[in-house]
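# Understanding the architecture of this molecule
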Amino acid sequence: MLRSVLGKTLGFVGYTVQYGCIAHCTFEYIGEFVVCSGPSMEPTIVNHDVVFSERISRHLCKIQKGDVVIAKSPFDPNMNVCKRVIGLEGDKVCTSGPSDLFKTHTYVPKGHVWLEGDNLRNSTDSRSYGPIPYALIRGRVCLKLWPPHNFGTLSESPTKRIIKTQNDSD
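How each quantity is defined
- Residues numbered from 1 in each chain as written.
- Predicted model: local features only at pLDDT ≥ 70, side-chain atom pairs only at ≥ 80, totals over all residues.
- Heavy atoms only, no water.
- Core = buried A, V, L, I, M, F, W, Y, C linked by side-chain atoms within 4.5 Å.
- Buried < 20%, exposed > 50% of the residue type's maximum accessible area, 1.4 Å probe, protein only.
- Helix = DSSP H or I, 4+ residues; strand = E, 2+ residues; numbered from the N terminus.
- Contact = heavy atoms within 4.5 Å.
- Salt bridge = Lys/Arg side-chain N within 4 Å of Asp/Glu carboxyl O.
- Patch = residues over 30% accessible without salt bridge, like charges linked within 9 Å, V, L, I, M, F, W, Y side chains within 5 Å.
- Areas by Shrake-Rupley, 256 points an atom, 1.4 Å probe, with all protein chains shown as cover.
- Phe/Tyr/Trp six-rings, centres within 6.5 Å; stacked < 30°, edge-to-face > 60°.
- Pairing = 2+ DSSP bridges.
- Axes fitted to C-alpha atoms, helices over the stretch in contact; angles between N-to-C directions.

### Section: the nonpolar core
- By size, the foremost hydrophobic cluster in this structure holds eleven residues: I63, V69, A71, V81, V85, V113, L115, Y129, I132, Y134 and I137.
- If you list the elements that add at least two residues to this core, you get strand 3 (68–72), strand 4 (80–87) and strand 7 (112–116).
- Discounting chain neighbours no more than four positions away, the residues touching V113 are G87, L88, V108, S126, P131, I132, Y134 and I137.
- Residues V51, V68, I70 and C82 belong to the second largest nonpolar core, which totals nine residues.

Structure, rendered in structure tokens:
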């Protein structure tokens, strides 16, 4: 009797550990579901939208300008941010806000990206904290899952702040 109960318990624990490892590897290396909050990505992503963030592009260094990414916040490592990639290393980006009279520019350093929210008037992004290291990117948002009537891929940037360079057409 005791042997039977112990055997079933250990079998259950073994399956639980196996499925836990599979789930961990799936969420760490393939992708995850993310509930977005805050107004910084409106109108592309609004409060409580659920998106799928794939991680393969990050591991293969395939993040491009215009991609929406989930990244660790440079202010709080326990928090993630959802922003659009405006510039990659070596790109010249505009650092001023939409209402600034004088426009200022900077270059994105090697190993970094420039992130901005689509709602420029209500977004804390690289204009506040500067370029972020590529290593802080957790994944690329490829699908909006919720609400169902908005299911599909994400739209292009409504801000038109992504400057295409000659190298982008290659």
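### Description of the side chain of S40
- Note that S40 resides in the loop between strand 1 (31–35) and strand 2 (50–54).
- Owing to a relative accessible area of 14%, S40 belongs among the buried residues under this scheme.
- Not counting chain neighbours up to four residues away, the residues in contact with S40 comprise C82, K83, G117, D118, N119, N122 and S123.

### Description of the pattern of salt bridges
- The full count for this structure, using the stated rule, is six salt bridges.
- For R140, the salt bridge is made with E54, and the minimal N-O distance between the two is 2.8 Å. Separated by 86 residues along the polypeptide, R140 in strand 9 (residues 137–146) and E54 in strand 2 bring together distant segments of the chain.
- R140 sits in the partly exposed class, given a relative accessible area of 22%.
- Judged by relative accessible area, E54 falls into the buried class, the value being 8%.
- Between D118 and R84 there is a salt bridge whose closest N-O contact spans 2.8 Å. Of the two residues, D118 is situated in the loop between strand 7 and helix 3 (126–129) and R84 in strand 4; the sequence distance between them amounts to 34 residues.
- Relative accessible area serves as the criterion here: at 6%, D118 is assigned to the buried category.
- Given a relative accessible area of 2%, R84 falls into the buried group.

### Points about the environment of P39
- Here P39 lies in the loop between strand 1 and strand 2.
- The class of P39 is partly exposed, set by a relative accessible area of 31%.
- Between the C-alpha atoms of P39 and A135, which are 96 residues apart in sequence, the distance is 25 Å.
- Excluding residues within four positions of it along the chain, P39 makes contact with N119 and N122.

### Quick word on a nonpolar patch on the surface
- On the surface, a cluster of nonpolar side chains totalling about 400 Å² of accessible area is made up of Y29, I30, I56 and L60.
- Of note, L60 is situated in the loop between helix 2 (56–59) and strand 3.

### Considerations on the packing of aromatic side chains
- Scanning the model with the defined rule gives three aromatic pairs in all.
- Between F75 and Y129 the ring centres are 5.4 Å apart and the planes differ by 90°, which places this aromatic pair in the edge-to-face class. In this pair, F75 sits in the loop between strand 3 and strand 4 while Y129 sits in helix 3, placing the two residues 54 residues apart along the sequence.

### Some remarks on the sheet that holds strand 8 (residues 132–133)
- Ordered by their spatial adjacency, seven strands build an open sheet running 1-2-9-3-4-7-8, and the pairing between neighbours is antiparallel. The open sheet has two edge strands, strand 1 and strand 8, and neither has a second partner.
- By the bridge criterion, two bridges tie strand 7 to strand 8 in an arrangement that is antiparallel. Among the inter-strand pairings, H112 is bridged to a residue of strand 8, identified as P133.
- Of the strands in this sheet, strand 1, strand 2 and strand 9 touch helix 1 (residues 2–30), which is tilted by about 80° from strand 1.

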